[in-house]
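Coordinates in review
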Amino acid sequence: MEVGGLPVELWQLILSHLCLPDLGRCSLVCRGWQELVLSLDRTRWRQLCLGCLQHRHPNWPNQPGLEPPSWREAFRQHYLASKTWTKSTQDLEASRCLSLFRRRKGRRRLRVGAGADFGSLRAALAAAGPYDRLVLLPGLHEEPGELLLRVPVELVGQGRLGDVVLLATIEQHCPSARLCNLVLMPPRLTSLLYKTASGYVQFDNCNFESGQLQIQAPGTCQVKFCSFSQSSIHLRSVALCILENCEFTGSENASVTVEGCPSPDRSWACRHLAVLAKSCVAPTPEPGPVFRGNPRGESPLGPLSSCPVVVGEDRSSFLSAAGALAMCGSVQGDTEPGENLRAVKEQECPAPHPSSGGSNSGSSEEEEDAQAAPGLPCQALQGGRLHALQRDLQLKSLQQELQQDKDAQSLANSLQGCIIRQCLFRDGKGGIFIYSGGQAKLEGNVFKDLTYAVRCIQNSKVIMMRNDIHHCKASGIFLRLSAGGLIADNNIHSNCEAGVDIRKGANPLVLGLAAGIAVNENGRGQITGNVICENQWGGADIRHGGDPILRNNLISCGYSDGVVVGEHGKGLIEGNTICGNKGCGVWMMSSSLPHLINNQISHNSIYGVAVFSHKDDTSDHPPDQGSSESFQEEREGAGGENDPESEEEYPAARHPISVALVELNSINHNGAAGLHVRSSEALNVVANVIHGNGEGGVWVLQSSQLTRLAHNSISSNGRGGVLVGAECRVELRGNGIYQNSSHGVVCSGQGLIIENDIVGNRRCGLQLLPAASVTVTKNRIQSFRDYGIALFDEAKGLVKENLIFQGRSKKSILRPMSSAGDCIIQNNVLLTFRKRSDMGCMLSNPPARPQPPGGATGTRAAAPGQGVSSITRRGDRGCHNHGSIFCTIL
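Here goes a summary of the coordinates provided.

Parameters and conventions
Residues numbered from 1 in each chain as written. Predicted model: local features only at pLDDT ≥ 70, side-chain atom pairs only at ≥ 80, totals over all residues. Heavy atoms only, no water. Helix = DSSP H or I, 4+ residues; strand = E, 2+ residues; numbered from the N terminus. Buried < 20%, exposed > 50% of the residue type's maximum accessible area, 1.4 Å probe, protein only. Contact = heavy atoms within 4.5 Å. Areas by Shrake-Rupley, 256 points an atom, 1.4 Å probe, with all protein chains shown as cover. Polar contact = N/O pair within 3.5 Å; in protein donor to acceptor, adjacent residues only side chain to side chain. Pairing = 2+ DSSP bridges. Patch = residues over 30% accessible without salt bridge, like charges linked within 9 Å, V, L, I, M, F, W, Y side chains within 5 Å. Salt bridge = Lys/Arg side-chain N within 4 Å of Asp/Glu carboxyl O. Phe/Tyr/Trp six-rings, centres within 6.5 Å; stacked < 30°, edge-to-face > 60°. Axes fitted to C-alpha atoms, helices over the stretch in contact; angles between N-to-C directions. Arc of directions from axis to C-beta. Core = buried A, V, L, I, M, F, W, Y, C linked by side-chain atoms within 4.5 Å.

A few words on the overall build of the protein. For the protein, the count of helices and strands is 13 helices and 64 strands. Out of the 890 residues in the protein, the part that is buried amounts to 58%. Of the contacts formed within the protein by residues at least 6 apart in sequence, a portion of 55% connects residues at least 24 apart. Accessible area for the protein stands at about 34,600 Å²; split by element, carbon and sulfur atoms hold 50% of it.

The following block contains the structure:
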């Protein structure tokens, strides 16, 4: 019987005919025989595992086509789990030896049914002893009234699942029980199927139809390979229970309800359940690309045809804003200003180059412009920018995130409350409802075609890892009223409302792959490292006091805006890539108070950043944009959920800002303007790179309070650098405005233009329109083809101490209005350059703007043409000021 005596294939054929006990004995012969038994994993062990009527496929119901790593190990885990109910230590004062003897040798097998030992289950239970097995023969077993389990017993249906149907309400009064291979339905006039308030119950391979299970602490349960059709399970203060490999369909309310804090009074079964919870790990899907937000497995950024954004110079498919374009057309068209403007004397630099006159052809001017472009402190981004974002964005794995965050690691490893793994929730109203301090851990589940997937409220805690949540009619995950937890490495997509909705003091930590996040009603939390793509509404929606940290996410290819900061929204929006959305990159209301810092906002079809007044129905905003509040929340027994007195407010730990702040962002290649402002509140725009946008760099069309533009690089935009509308209040300080396709700055508002470089633009450097009332001082202004400064009739203000250059154009350097009394012009230096090569001396002392703001600490201005990823970031905001209130979304 030596192993080497026969070929291995022949040994495997022989051993494949053995039953389970014989395989166990053979594996104990020697190491060689043990290896032979183990080599049968894909053959005999697979047959044994799938042939057992008490089990189903190890990856049912979510991935029945995916084989487990080891069929033998899966079979072993099923077998050990099925024996948990026999390990009760509460055995009526019996000694340990007698207890073992009774369980293993004294167990009887009682048959129930027509022509069997007992005609009814009630009679069999009256005669059963501890740990007896009651086998129900195929057929319908109807038991009127309530059945009581007074001793530990096992109820097993004979035949295949569906052959035995039990209509009864069962209440357990014993330490443990097991039900297997049964279809359970409630009797008439009740919906209760099973109830226990003290013992442990185990359900294996059962179907529950139109009823409810009720488990109350210190009782607990283990439910495995079961189907719930229009049925639910209610867990009240349960210390630890396990639901795995179950299917929930057609629920009228929540399929699983977790109520109350886990009880400190743990039953004997909790120790065994904890061991099972650690030993059984949900299967990990096959590794795919970094971006998994797309359900088809494709990158959310490609192919480009799936997301109508334009890469490069072709802007034919960009959407335009008709109202803003109409205004720009009157001041930025190709027609010359009125003939009533007269020229003033010109002072030229000595010794102009003889070959640089104005007689050169247009083509030579274009070539010279292209050659001189690298000399300016702005550089066009190269082709394939959108694909470069896909290559450059590196998301951390869940393990890497957990290693860096000990609090999140502690949450991920916690074992309290209800553990739900590898379950399928579909075609119903609700998935899981957690309230009143309840705790649940969800891992490897699928939620689809529901009204909502998970609701967590009232100081409850949910831990969600590696779940799929999609095609919900409302929000996927709903957190409210100081709910917390960890939401990590989930795939959340294609939901009608927000993927994650955070309101009323909820404080989650979000890591992973969420899509569509709403933070409302004083909700907070950290949303970090997510791929948020292809959402019907905003990728992230913040309003009504929401104050989250939105950091290092990819928000792309949405059918509306990337990030929406609605009425009274707040938050830190840092380090995100917001690209390829059909609406705006970031849409803000003037009543909001966000802090946008160090984001890449590009290739969005309308504006890069848009700031509008307090009305959501403004004509400048896409009509389909709305809040994620259409879902009418049901109370489901959670008293006080809508009571405003129950809300808790937590002040933000980061440094507060009193004015909305947009700083250190790269805003480029968006379809309309890079920054569009129609605001009734103050706004600070500092140290941004605004480049290559289709309809202009910055449009300030309404600004009753001061809009401050400081130390920005505004270059190569399609319809000019900066446009300031009538009656707008602005301050332009220290900006570099270069190579825009029309005028550098057009102003008909009020304010201050100081210490800017306005150089290399195709039309006038600066136009002051009739309604303007502006102080223009200490700027360097140049235009090769048009006026350096053009002053229209009735423009008011002060133009002094500017350095104004003239190019090859025969037009005057300074074109003033006919009445000089309304505008004071003094102490300006007027110079003429005939050659682009002389531009270097224009921007030499001081160096080309923008430059780092004086006195700034902790930040620096981004050099033109450079990314903003290297900028020093501010310290993180604390997310859990009140220790026990903590939630993270990864």
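So, on to the environment of His 272. Among the secondary structure elements, His 272 is positioned in helix α8 (residues 269–279). Looking at His 272, the relative accessible area reads 15%, which means it is buried. Sequence separation between His 272 and Trp 85 is 187 residues; the distance between their C-alpha atoms is 9.6 Å.

Mapped onto the elements, Ser 176 comes out in strand β6 (residues 176–180). With relative accessibility at 0%, the residue Ser 176 sits in the buried group. At a separation of 2.8 Å, a polar atom in the side chain of Ser 176 contacts the main-chain carbonyl oxygen of Trp 85. Beyond its immediate stretch of four places on either side in the chain, Ser 176 contacts Trp 85, Ser 88, Tyr 131, Pro 152, Val 153, Tyr 200 and Trp 268.

For the rest of this paragraph, the subject is the pairing of strand β44 (residues 683–686). Taken together, the four bridges between strand β41 (residues 660–663) and β44 define a ladder with parallel strand orientation. Bridge pairing in β44 places Val 662 opposite Val 685. With four bridges joining them, β44 and strand β47 (residues 707–710) adopt parallel strand pairing. Each residue of the ladder has a partner; that of Val 685, found in β47, is Leu 709.

Further remarks concern a nonpolar patch on the surface. On the surface, a cluster of nonpolar side chains totalling about 310 Å² of accessible area is made up of Leu 6, Leu 10, Leu 13 and Ile 14. Relative to the elements of secondary structure, Leu 6 occurs in the segment before α1 (8–15).

Moving on to the packing of aromatic side chains. According to the stated counting rule, one finds 13 aromatic pairs in the structure shown. Between Phe 425 and Phe 447, the ring centres sit 4.8 Å apart and the planes meet at 5°, which makes this aromatic pair stacked. Taken together, the positions of Phe 425 in strand β19 (residues 424–435) and Phe 447 in strand β21 (residues 446–456) put the pair 22 residues apart, joining distant regions of the chain. A relative accessible area of 0% means that Phe 425 is categorised as buried. Classification of Phe 447 as buried rests on a relative accessible area of 0%. Centre to centre, the rings of Tyr 607 and Phe 612 are 6.4 Å apart; their planes meet at 55°, and the pair counts as tilted.

Among the structural elements, Leu 184 can be located in strand β7 (residues 183–185). The sequence separation of Leu 184 and His 141 amounts to 43 residues, and the corresponding C-alpha distance is 9.8 Å. Those residues in contact with Leu 184 that lie beyond four places of it in its chain are Leu 166, Leu 179, Leu 193, Cys 206, Asn 207, Phe 208 and Glu 209.

Here we come to the sheet that holds strand β48 (residues 713–715). As summarised here, the arrangement of the twelve strands in space is β30-β33-β36-β39-β42-β45-β48-β51-β54-β57-β60-β63, forming an open sheet in which the pairing is parallel. The sheet is open, and its two borders are formed by β30 (531–533) and β63 (829–832), each paired with just one other strand. On average, each strand axis in the sheet is inclined to that of its neighbour by 10°, with strand direction left out of account.

Counted under the stated rule, the structure contains 28 salt bridges. For Asp 427, the salt bridge is made with Arg 426, and the minimal N-O distance between the two is 2.6 Å. Using a relative accessible area of 40% as the deciding quantity, one classes Asp 427 as partly exposed. Residue Asp 501 is joined to Arg 503 by a salt bridge in which the shortest nitrogen-to-oxygen separation is 2.9 Å.

Quick look at helix α13 (residues 406–413) now. Those residues of α13 that fall on the buried side of the exposure criterion are Ala 408, Leu 411 and Ala 412. Buried residues of α13, viewed axially, fall in a sector of 100°; they line one side. Pointing more than 90 degrees away from the buried face of α13 are the exposed residues Lys 406 and Asn 413.

Here the focus is the nonpolar core. Grouped together as the largest cluster of nonpolar side chains are 123 residues, with contacts concentrated most on Leu 179, Ile 233, Leu 235, Leu 243, Val 256 and Leu 479. A per-element tally of this core places β21 first, with five residues. One finds Val 564, Leu 723, Val 746 and Leu 769 within the second-largest nonpolar core, a separate group that totals 19 residues.

A few words on the side chain of His 141. Relative to the elements of secondary structure, His 141 occurs in strand β3 (residues 139–149). Reaching out from His 141, the side chain makes a polar contact with the backbone oxygen of Leu 137 at a distance of 2.8 Å.

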